[in-house]
There are 2 protein chains.
Amino acid sequence: MRDWNMKGRDRQARLEAGRRLASGKVVAAQDLVAFLEAVLRPGDRVCLEGDNQKQADVLAKALAKVDPAKVHDLHMVQSGVVLPEHLDIFETGIARRLDFSYSGPQSARIARMMFGGRIELGAVHTYLELFARYFIDLTPQVALIAAVSADRAGNLYTGPNTEDTPTVVEATSFGKGLVIAQVGEIVDQVPRVDIPADQVHFVVNAQRPFYVEPLFTRDPAAITETQILTAMLAIKGLYAPYGVRRLNHGIGFNTAAIELLLPTYGERLGLKGKVCTHWALNPHPTLIPAIESGWVEQIHCFGSEVGMEDYMRARPDIFFTGPDGSLRSNRAFCQTAGLYACDMFIGSTLQIDLAGNSSTITGSRVAGFGGAPNMGSDARGRRHPSAPWLRAGQEADPTGAPALRRGRKLVIQIGETFGDGNAPMFVERLSALDLADKLDLDLAPVMVYGDDVTHIVTEEGVANLLLCRDKDEREQAIRGVAGYTEVGRARDRKMVERLRERKVIQRPEDLGIDPLDADRSLLVARSIKDLMIASGGLYRPPSRFRNW
Amino acid sequence: MRDWNMKGRDRQARLEAGRRLASGKVVAAQDLVAFLEAVLRPGDRVCLEGDNQKQADVLAKALAKVDPAKVHDLHMVQSGVVLPEHLDIFETGIARRLDFSYSGPQSARIARMMFGGRIELGAVHTYLELFARYFIDLTPQVALIAAVSADRAGNLYTGPNTEDTPTVVEATSFGKGLVIAQVGEIVDQVPRVDIPADQVHFVVNAQRPFYVEPLFTRDPAAITETQILTAMLAIKGLYAPYGVRRLNHGIGFNTAAIELLLPTYGERLGLKGKVCTHWALNPHPTLIPAIESGWVEQIHCFGSEVGMEDYMRARPDIFFTGPDGSLRSNRAFCQTAGLYACDMFIGSTLQIDLAGNSSTITGSRVAGFGGAPNMGSDARGRRHPSAPWLRAGQEADPTGAPALRRGRKLVIQIGETFGDGNAPMFVERLSALDLADKLDLDLAPVMVYGDDVTHIVTEEGVANLLLCRDKDEREQAIRGVAGYTEVGRARDRKMVERLRERKVIQRPEDLGIDPLDADRSLLVARSIKDLMIASGGLYRPPSRFRNW
């Protein structure tokens, strides 16, 4: 007779080992290293949360201190590789294999460790893809998660930063894994139940809040006039004609400029109520003025943003909030919304090649993807029509049978032809290809593929790739907005002019935009302080953004 | 000063109106109609659950009885339109607009009501797409949901049929809507908390279980030898060469035959452990023998299946189960898994056109989509490689730069050239197009688009559309497996022979399969009773499937 409860018995053994070092479900902080050594087994699949924003930092530090003779060769399956400890465990052999999504601040070190063979790479995923695998072939055996507080039974309150937690816990707990939560405090009653106690096995009282990075804050003071010009081009050349109401903005100064131009330039164009009403978005502080002036109907958030908590609590009609009054974010649902319910994704990138493939890899960095591949892809399972989606589909295939012609999601790359450190955004060959060679990867880490990109916006104009009828037109449309980069200078001038006549390329003047009008006075807020004032003092910027 | 809490105040007013007819959170069944009249407002967006399997039937019946002078013009946003009451409310004017996913048993009536103007159609969605819109532009103002039991605080136990409930509740409750649950009983303590009490506003004690339909049960006795042949072709011609481990099976006798052939034919081919190990799948009874003989490592389920509850409880290593021992299903996560973590979707259809577009529309029926558009689409946001996915990508684009070439999901349509009532599966023009004309739809209701389909399997052979290099080859590959249908007879015989030489088309003999071997003796179970015996008596088939 086969034993059909091996996983359950394995968890029971871990529970018993853990309980020897716990009081009920509660593990004391000083016992944490011994506790982890008691409940972890070599080779375990472990999710150390590890989000894009919030971090189970106390659990990460403790995991880095376990004895590698006892706990080794872990397979880490987590969305964010962000803290030094997330990589330290690979140096010491505690962990060996890695499947992840995003590694922003650790992108250089993670690459070095991969080159050096310290990390065995499974794959780099977009968030929703990694979550999907939690339910199929990467189900965690142990989840180390973070919450704001717990009650004595183990009910968890995640507060505004709910993020990945419900997804990780659901896969782990019902998959017969062990769920261990670090919390800032243990209380009699949690303000709301984000994770029910029966899904949580142990709680560690860290006695301080988990670490959160203000990843989505952009200071309006740093926005350039070139970025303002690209924002004007996007609003007048794309948002207006397509009538985009449901959208996601990637992070960056170009999209921040768009947000800050809605109540000025957007208002002047008569777009209020016609575009940008429904969002899948992190709570960008730069969207505050547009919210305050009535542009926005609803926002669903992937995560929270440091300093935005009170503002969101005071705007419950706009944000999804709980009975406690604070934001309920959810990365899995917001990514799903970005995939299937939004008509546009617009984001910046560091490199675009002649086919329109884009990547944020430059030099030897493995930065991961985050949500861009998911939101920057055409959702081919989508079946509901909308005006912008149908128009984009018609542009791509004007002769197709209408009832059999699908629409297209608008996927827009926006940036200056020369970016930070004067690096050209347009390249003949992506650096991602060199990285794939060096690491012997099956796939180069391409963020958004050219066949999903519909438009490219630079200060030189808007290229509409939907209107290109072949590979050559596409290449020239890209070269045609690539400015003085090498790629731009190598354009076929006659072909680019023909593309312009067909409105495949639109220059600022074609859209009635005078580049000299691209002035910082167009920004409805020109500093973090302006944003704070616009919020009526509800937005509380982190100290690093305060210079007054 | 703008009021930023209009939604919250609106909910508060409904809560107060509702509490007058409730005792705490509990509404008595006899007060239900008056209660709904008190908390609903004309024009409300309402999700009446309304899943693919389970139904909030008591709430549906009560909603159909409210006074249309008080409650009218509701906008229903629910995945399943299944019960008569789901449509009755449109006859009486209680509801007016509909956004949905699936309408199996009501497909003829729903079409008649659309023709007659009784229903204003928003759109037909795939499940995950509708869920996505719950967080963007179709957030329910009231959710009428179903659970097994509740405690007095309002914590809900959904049991094996968790399905859509957590997704609907999250969008509604945090979106400031009202959540009303029908439960079979009110208990002191729920066996596990599927929905925390603070997300639930009212509970109705229906004093009996909610209605569930055994939608995924197929009687092996009804499987034909032609279906067995298509199953052999799929296993030897596709599962084996691609090495498909992570997959989803649509419902139907063809896929049931595959499931029943794994322990016999599959075992003989040496495929055990090499294919079909990880599933996103409803608990198909026909998979029991494969599970019992050790083929399956793990299954994540969209919903439950009537009669499978005890079997799943006894197989916790295979299924996701909770601390109460019973299945935890979750349609949103399982659809996400089907999209991003599976390498294959295989399902049946009723019509395929010359471009490979397929539809289940025949005559005047609006059946909806269910999960097929989502799982039967190439997930372009996917970034993790796997052997089957890479191989499919290489076949589609053999000359592409390897590191820039994405893989492809295997999307397979399987069926007999002539289906029920001798209707040809292959058609020049989909009936879906006529329906789009009649209803003036922007999009014909196509289930899976031709550009996402990779293979078609019939008794005549396997067509590999990945290997087709143009539209003509694709058309002839489809005609080449279309048998004696008109589409099949109009094939270009020379071209079809050339495609066969290139293995674009593979006949049974090309794969070493003798159609005479396609015998019912290959089925590891030949009746529902055999399935029950294979489960050791744990599977308890519903009475309609018992004929002994």
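What you see is a predicted model, and the numbers here were worked out from it, not measured in a lab.

Trainee: Before we move on, could you go through the domain arrangement of chain A and cite the residues and values that matter?
Mentor: All names here are of chain A. Segmentation of chain A into domains returns domain 1 (15-212) and domain 2 (220-530). Of note, the centres of domain 1 and domain 2, computed from C-alpha atoms alone, are 33 Å apart. In this assembly, 34 residues from domain 1 lie in contact with 34 residues from domain 2. When the two sides are added together, the surface that domain 1 and domain 2 hide from each other amounts to roughly 2600 Å², 59% of it contributed by carbon and sulfur. If you look at where domain 1 meets domain 2, you find four salt bridges. Between Asp-164 and Arg-331 there is a salt bridge, with its nearest N and O atoms 2.7 Å apart. Between domain 1 and domain 2 we count 22 residue pairs in polar contact (both at pLDDT 80 or more) in total. Of all the elements in the fold, those that place two or more residues in the side of domain 1 that touches domain 2 are β6 (95-102), α5 (107-115), β7 (120-124), α6 (127-134) and α7 (165-174).

Trainee: If you had to explain helix α7 (residues 165-174) of chain B to someone new, which residues and values would you point to?
Mentor: Among the ten residues of α7(B), ten are classified as buried, and the element is accordingly described as predominantly covered. Among all positions of α7(B), only Thr165(B), Pro166(B), Thr167(B), Val168(B), Val169(B), Glu170(B), Ala171(B), Thr172(B), Ser173(B) and Phe174(B) are buried.

Trainee: Which residues make up the pairing of strand β21 (residues 461-464) of chain B, and what values go with them?
Mentor: Residues and elements named next belong to chain B. Here β21 shows a buried face lined by Gly-461 and Ala-463 and a second buried face lined by Val-462 and Asn-464. Of the strand pairs in this sheet, strand β20 (residues 455-458) and β21 are connected by four bridges, and their pairing is antiparallel. The residue of β21 that forms the bridge with His-455 is Asn-464. Two successive antiparallel strands, β20 and β21, enclose a turn made up of two residues.

Trainee: Break down the side chain of Thr454(B) for me, with residues and values.
Mentor: With respect to the secondary-structure elements, Thr454(B) resides in the loop between α15 (431-439) and β20. Thr454(B) has contacts with Arg408(B), Lys409(B), Leu410(B), Val411(B), Ile412(B), Ala463(B), Asn464(B), Leu465(B) and Leu466(B), leaving out every residue within four places of it along the chain.

Trainee: How would you explain the interface of chain A and chain B if you had to name every residue and give the values?
Mentor: Taken together, the contact between chain A and chain B spans 95 residues of the former and 94 residues of the latter. The largest share of the area that chain A buries against chain B comes from Trp4(A), Ile136(A) and Arg383(A), three residues that together contribute 12% of it. Viewed at the interface, chain B and chain A are joined by twelve salt bridges. Between Glu170(A) and Arg328(B) there is a salt bridge, with its nearest N and O atoms 2.9 Å apart. Across the contact surface, chain A and chain B share 50 residue pairs in polar contact (both at pLDDT 80 or more). Examining the composition of the side of chain A that touches chain B, we find that six residues originate from one element, helix α12 (residues 331-340) of chain A, more than from any other. Its residues placed into classes, the side of chain A that touches chain B shows 46 nonpolar, 23 polar and 26 charged.

Trainee: Can you tell me about the sheet that holds β20(B), naming the residues and giving the values?
Mentor: All names here are of chain B. Strands sit in the order β15-β14-β13-β16-β19-β20-β21-β22 across an open sheet of eight strands; the sheet is mixed. Where the open sheet ends on each side, the last strands, each with one partner, are β15 (298-300) and β22 (505-506). Pairing analysis gives two bridges linking strand β13 (residues 246-249) to strand β14 (residues 278-280), with the strands arranged parallel. Bridge pairing in β14 places Leu-247 opposite Trp-279.

Trainee: Describe helix α3 (residues 57-64) of chain B, and please don't skip the residues or the numbers.
Mentor: In terms of burial, α3(B) is a largely internal element, six of the eight residues being buried. Within the span of α3(B), buried status applies to Asp57(B), Val58(B), Leu59(B), Ala60(B), Ala62(B) and Leu63(B).

Trainee: Explain the relation of the copies chain A and chain B residue by residue, including any values.
Mentor: Note on the copies: chain A fits chain B at an RMSD of 0.0 Å, the axial shift is 0.0 Å, and the rotation between them is 180 degrees. One copy is carried onto the other by what is essentially a two-fold rotation axis. Within chain A, Pro196(A) has its C-alpha nearest the rotation axis, a separation of 3.3 Å. Of the interface residues in chain A, 99% have counterparts in chain B that sit at the interface too, so the contact is made through matching surfaces.

Trainee: If you had to explain unusual backbone geometry to someone new, which residues and values would you point to?
Mentor: Residue and element names in this part refer to chain A. For the peptide bond that leads from Glu-49 to Gly-50, omega is -10 degrees, which places it in the cis range. Along the chain, Gly-50 turns up in the loop between β3 (45-48) and β4 (54-55). You will see that Asn-422, though not glycine, has its phi angle at about 60 degrees, which is positive. For Asn-422, the location among the structural elements is in the loop between β19 (410-414) and α15 (431-439). Judged by relative accessible area, Asn-422 falls into the exposed class, the value being 58%.

Trainee: Could you give an account of the packing of α12(A) against helix α12 (residues 331-340) of chain B, with specific residues and numbers?
Mentor: Put simply, α12(A) and α12(B) touch, their axes get as near as 12 Å, and they point 55 degrees apart. The angle between α12(A) and α12(B) places the two elements in the oblique class. Between α12(A) and α12(B) lies a crossing of left-handed hand. Counted together, Ala332(A), Phe333(A), Leu339(A) and Tyr340(A) of α12(A) and Ala332(B), Phe333(B), Leu339(B) and Tyr340(B) of α12(B) form the full contact between these two elements. A class-by-class count of the residues in the contact of α12(A) with α12(B) yields eight nonpolar, no polar and no charged.

Trainee: Any chance you could break down the sheet that holds β19(A) for me, citing the residues and the numbers?
Mentor: Pairing in this open sheet of eight strands is mixed, and the strands run β15-β14-β13-β16-β19-β20-β21-β22 (chain A) from one edge to the other. The open sheet terminates on both sides in strands that have one partner only, identified here as β15 (298-300) and β22 (505-506) of chain A.

Trainee: Before we move on, could you go through the packing of aromatic side chains and cite the residues and values that matter?
Mentor: Summed over all chains, the structure comprises eleven aromatic pairs over all chains. Ring geometry for Phe131(A) against Tyr134(A): centres 6.1 Å apart, planes inclined by 35 degrees, an arrangement best described as tilted. Pair noted here: Phe131(A) and Tyr134(A) are both in helix α6, with a separation of three residues, about one helical turn. Each member of the pair Phe131(A) and Tyr134(A) is classed as buried. Measuring from ring centre to ring centre gives 6.4 Å for Phe333(A) and Phe333(B), while their planes differ by 15 degrees; the resulting arrangement is stacked. On the criterion of chain membership, the pair formed by Phe333(A) in helix α12 and Phe333(B) in helix α12 is interchain, its members lying in two chains. Residue Phe333(B) is classed as buried on the basis of its relative accessible area of 9%. These aromatic residues form a ring-pair network of at least three members: Phe135(A), Phe320(A), Phe333(A), Phe135(B), Phe320(B) and Phe333(B). A cation over an aromatic ring shows up here: Arg391(A) above the ring of Tyr242(A), its NZ or CZ 4.9 Å from the ring centre.

Trainee: Residues and numbers for the pairing of β7(A), please.
Mentor: Residues and elements named next belong to chain A. Sheet analysis places β6 next to β7, joined by three bridges and oriented parallel. What sits directly across from Leu-98, in β7, is Leu-121. Crossover β6 to β7 through α5 is right-handed.

Trainee: Provide a residue-level description of the side chain of Ser79(A), including the pertinent values.
Mentor: All names here are of chain A. As for its position among the elements, Ser-79 is in strand β5 (residues 74-80). From its side chain, Ser-79 meets the backbone oxygen of Gly-50 in a polar contact 2.8 Å long. Setting aside residues no more than four positions away along its own chain, Ser-79 makes contact with Gly-50, Asp-51, Asn-52, Phe-100, Ser-101, Tyr-102, Tyr-127, Leu-130, Phe-131, Tyr-134 and Asp-164.

Trainee: Let's hear about the pattern of salt bridges: which residues, and what values?
Mentor: All chains considered together, the criterion is met by 90 salt bridges over all chains. With a shortest N-O distance of 3.0 Å, Asp137(A) and Arg246(B) are connected by a salt bridge. One end of the pair, Asp137(A), is in the loop between α6 and β8 (142-150); the other, Arg246(B), is in strand β13, on a second chain. On the basis of relative accessibility, which here comes to 5%, the residue Arg246(B) falls in the buried class. Residues Asp452(A) and Arg380(B) are paired through a salt bridge, measuring 2.8 Å at the closest nitrogen-oxygen approach. With Asp452(A) in the loop between α15 and β20 (455-458) and Arg380(B) in the loop between α13 (372-375) and α14 (387-396), this residue pair bridges two chains. Arg380(B) shares its class with Asp452(A); the two are buried.

Definitions and limits used
Residues numbered from 1 in each chain as written. Chains lettered and ligands numbered in written order. Predicted model: local features only at pLDDT ≥ 70, side-chain atom pairs only at ≥ 80, totals over all residues. Heavy atoms only, no water. Domains from an automatic or database assignment. Contact = heavy atoms within 4.5 Å. Buried area = accessible area lost by both parts, 1.4 Å probe. Salt bridge = Lys/Arg side-chain N within 4 Å of Asp/Glu carboxyl O. Polar contact = N/O pair within 3.5 Å; in protein donor to acceptor, adjacent residues only side chain to side chain. Helix = DSSP H or I, 4+ residues; strand = E, 2+ residues; numbered from the N terminus. Buried < 20%, exposed > 50% of the residue type's maximum accessible area, 1.4 Å probe, protein only. Pairing = 2+ DSSP bridges. Nonpolar A, V, L, I, M, F, W, Y, C, P; charged D, E, K, R; others polar. Least-squares fit on C-alpha atoms with pLDDT ≥ 70 in both. Axes fitted to C-alpha atoms, helices over the stretch in contact; angles between N-to-C directions. Parallel < 35°, antiparallel > 145°, perpendicular 65-115°, else oblique. Left-handed = near helix turned anticlockwise from the far one by under 90°. Phe/Tyr/Trp six-rings, centres within 6.5 Å; stacked < 30°, edge-to-face > 60°. Lys NZ or Arg CZ within 6 Å of the ring centre and 35° of its normal. Right-handed = clockwise from strand over helix to strand, strands pointing away.

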